[in-house]
Amino acid sequence: MTISRRGFLGGLAAGTGVLLGKSGASAHEHFAGYAGRVGLLHDTTLCIGCRSCEAACSTVNHLPPPAVPLSDPSAFEKKRRTTDKQLTVVNRYVPAGGKKQAVYRKLQCMHCNEPCCASVCFVKAFTKTPEGPVLYNPDVCVGCRYCVMACPYSALGYEYDNPTSPRVMRCTMCYDRIKQNLQPACAEACPTGAITFGKREALIGVARERLRKQPGRYIDHVFGETEYGGTSWLVLAGVPFAALGLPEGAGTEPLPSLGSGFLSVVPLVVTIYPGLLLGFYAFSKRKERLSEAEQKAAVAEALARAEEETKKKLAAAAESAAKDKEKAIAQAVKRAIAEAEAARAAAPAGAGPGKEVQS
Amino acid sequence: MNGNGAFSSPSAGRVLTPFNLVTGIILLGGAAIVLLRFAKGLGATTNLSHTNPWGLWIGFDVMTGVALAAGGYVTSSAVYLFGLKEYKPVVRPAILTGFLGYALVVVGLIVDLGRPWRLPYPFVVQAGPTSALFEIALCVALYLATLFVEFTPAAFEWLGWRRWRKAVGAMTIALTIFGLILSTLHQSTLGAMYLVTPTKLHPLWYSPYLPVHFFISSAATGLSMVIFEGMLSHRIFNHQVEVSHEAFDRLTLGLAKAASIVLAIYFATKVLGLAQGDKWRLLATPMGLWFLLEVVGFVLLPCFLFALGVRDRRAGLVRFTALLVVVGVILNRLNVSIFAFNWTLPAEERYVPHWMEVWVTLSLVAAGLWAFRWIVNRMPILHEHPDYKGMH
Amino acid sequence: MYHTLQEFMHHTKGVSYVLGGLFLLAFIGLWLFLVGREDRR
């Protein structure tokens, strides 16, 4: 196959363009996220546990109304979590062994800045939108549930009762409503202002303002500002966040970066192993060849030595055989002479001098 | 013709042996449960929940299964790459175990996935390369194919397809290298999946070294599985094996020597993991005791027992120790995926497998045993084919 | 520019996978080129 020079250069340029496209960034940079993205501020000191947000959420998402009616306080007896049928729940927390007043907090997907769910999804079913919400695409989801397993806020539910088209179920931050310049249903339904919707940057300012204005009311921290890279849902509380079931003290490092380091090693294995292993193979083949050659040499030497010895033995045998033969001849001659002498001695006297002994 | 293969034991013939009956019932039941799973959803046949989305089918069938099938890459690398030709007799059984093992891992995965028909999606529709699971899916798929091709020489010899047999034989080195690359990758990445869950996995098991722990333990497990099922095969298929018991014991001791060293390294990396995170104090907790049981009882102890067995030439001790290692890796994988996962949650929120999940898992094992037996009774796995002697 | 780490990782790891695959193929080519004549001799 021949490629024209122009075609080759063109292909090279295109390839380089793909590689360099947006490059220049490195993993050590801080990624600031899309500017102007939205978020929500949840002020738990204002939450009264009316659960209007639960009802509103179920309505706009066409889900069944909350299993326990809003008027029934038994909903708070046990800690609930989000499920495939309920994308948000409000729990009651009684901190400090009952000595403090009960606090209510709304749980839902936190729409993280660097969502773990997006990073672990092997079909890229999650997207952090420029507007802010993290969205899920059920049209590619294979149902592996790695996202459900990985979410540090345990915010995702799964449709285990759906045999053929089960989906991951989670808060969508009412993305469609946001696109229509409406508020998420929960923020709109909240009667006390415990949920405020707006630009995340602005909400952080609002939160800090509240902390400044009423320091005795709040723990001096905006949860979600930096935890695991930051979330779109920011939380203010008058009690330690750990008492509300939030990962207090969480580092600022996004969770996906914990797994990124190892994944960088993957291409290294692919590039290093072939040559390295072929090296081992060649080395072992060489050892084999050398040991075979050594063996051959040893056998040849042994054979040669054996041949030498045999030759020597043959020569020695031939020599001694020759010696024996000589001896036998000498003995036979001796005997013959002796016999002749004996015959002569036994011959009658008068044998003429002319009669020589016939030997 | 009794339906058994040409190399079946002369006494074989009865179809309704106790083994066949028990495994047969297990298989039938398993098939029924799988049908129910696809008719009514995972909720009908598992105890999976929103808090515990991964259960026995992932923790055992996938994660442990992959470790138990590691004998293939270990033995083929030892023989073909590092020149340890004397271990050739164990390569074919190990490759077969590997192939069947990975095939069953994929079956188990298909049963567990929400929409298994979409399994090719990451490669043909939309890729998520940031995910450890993407790499695992890619490598397991490629490795299953590799193991299959590595298995075909025995099949071709059985079929008498000489040219095919020669063709795949020529690929041995390339396949072995490819298999070692893929095994290094996916064995370690199964551990790497948990790197992003530091809040859920107990700190004694969570470590940046998780991938290293998983890979090294897979090598020790592979060696031990080869010893273990070699022992079983030599008993059950005694009429077929050509290697004498004495010669096989020698191989067993050789494998144990390697395993002892690998276990020592594994133990060291576990200890280093504790040091890296300053986790010593956690050893004094109940979970700490459980961790010590796993690491001392099922890693350090077998390391010494293997060494003792090799030094004193005690094949029996070595075989027992191999079983210990196998149990140990099962324990480790189940600890990481189930027992030490979500460890902070109260008891009522923890996961316990549904009996149907256990049944399906047993069915997969039974299916593997049936396939193994069928193939070994027909194809030159435990012995050389007379027409291809020396070609192995 | 990449706004999030996720975008960055998606791009870099995607490229890495492709490069890894290409390298494997290229390596096979290099190997065949290196030893080709040995076998034919």
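Preceding this paragraph is the structure being described.
Computed from a predicted structure; not experimentally measured.

## Considering the pattern of salt bridges
Residues and elements named next belong to chain A. One pass over the full model with this rule turns up 21 salt bridges over all chains. In this structure, the salt-bridge partner of Lys 179 is Glu 131, at a minimum N-O distance of 2.7 Å. Within this pair, whereas Lys 179 is found in helix α5 (residues 175-179), its partner Glu 131 is found in the loop between β4 (126-128) and β5 (134-136), the two being separated by 48 residues in sequence. Glu 131 sits in the partly exposed class, given a relative accessible area of 24%. Connected through salt bridges with shared partners, the residues Arg 51, Glu 54 and Arg 80 form a single ionic network.

## Here's the deal with the environment of B:Leu142
Residue and element names in this part refer to chain B. Structurally, the position occupied by Leu 142 is in helix α7 (residues 132-159). Exposure remark for Leu 142: the relative accessible area of 33% places this residue in the partly exposed category. With 113 residues separating them in the primary sequence, Leu 142 and Gly 29 have C-alpha atoms 31 Å apart. Those residues within four positions of Leu 142 in sequence are excluded, and the remaining contacts are Phe 178 and Leu 182.

## Focus on the interface of chain A and chain C
Taken together, the 29 residues of chain A in the interface contact 19 residues of chain C. Between chain A and chain C, a total of about 2200 Å² is buried, with carbon and sulfur atoms accounting for 73% of that surface. Summed over the shared surface of chain A and chain C, the result is zero salt bridges. Sorting elements by how many residues they give to the side of chain A that touches chain C places helix α9 (residues 265-346) of chain A first, with six residues.

## Thoughts on the packing of aromatic side chains
Tallied over the entire structure, the rule returns 26 aromatic pairs over all chains. Geometrically, the ring pair formed by B:Phe99 and B:Phe148 is tilted, given 5.5 Å between the ring centres and 50° between the ring planes. Here B:Phe99 is found in helix α5 (residues 88-112), whereas its partner B:Phe148 is found in helix α7, with 49 residues between them in sequence. Here the aromatic cluster, defined as three or more aromatic residues joined through ring pairs, consists of A:Tyr146, B:Trp54, B:Tyr194 and B:Phe341.

Thresholds applied
- Residues numbered from 1 in each chain as written.
- Chains lettered and ligands numbered in written order.
- Predicted model: local features only at pLDDT ≥ 70, side-chain atom pairs only at ≥ 80, totals over all residues.
- Heavy atoms only, no water.
- Salt bridge = Lys/Arg side-chain N within 4 Å of Asp/Glu carboxyl O.
- Helix = DSSP H or I, 4+ residues; strand = E, 2+ residues; numbered from the N terminus.
- Buried < 20%, exposed > 50% of the residue type's maximum accessible area, 1.4 Å probe, protein only.
- Contact = heavy atoms within 4.5 Å.
- Buried area = accessible area lost by both parts, 1.4 Å probe.
- Phe/Tyr/Trp six-rings, centres within 6.5 Å; stacked < 30°, edge-to-face > 60°.

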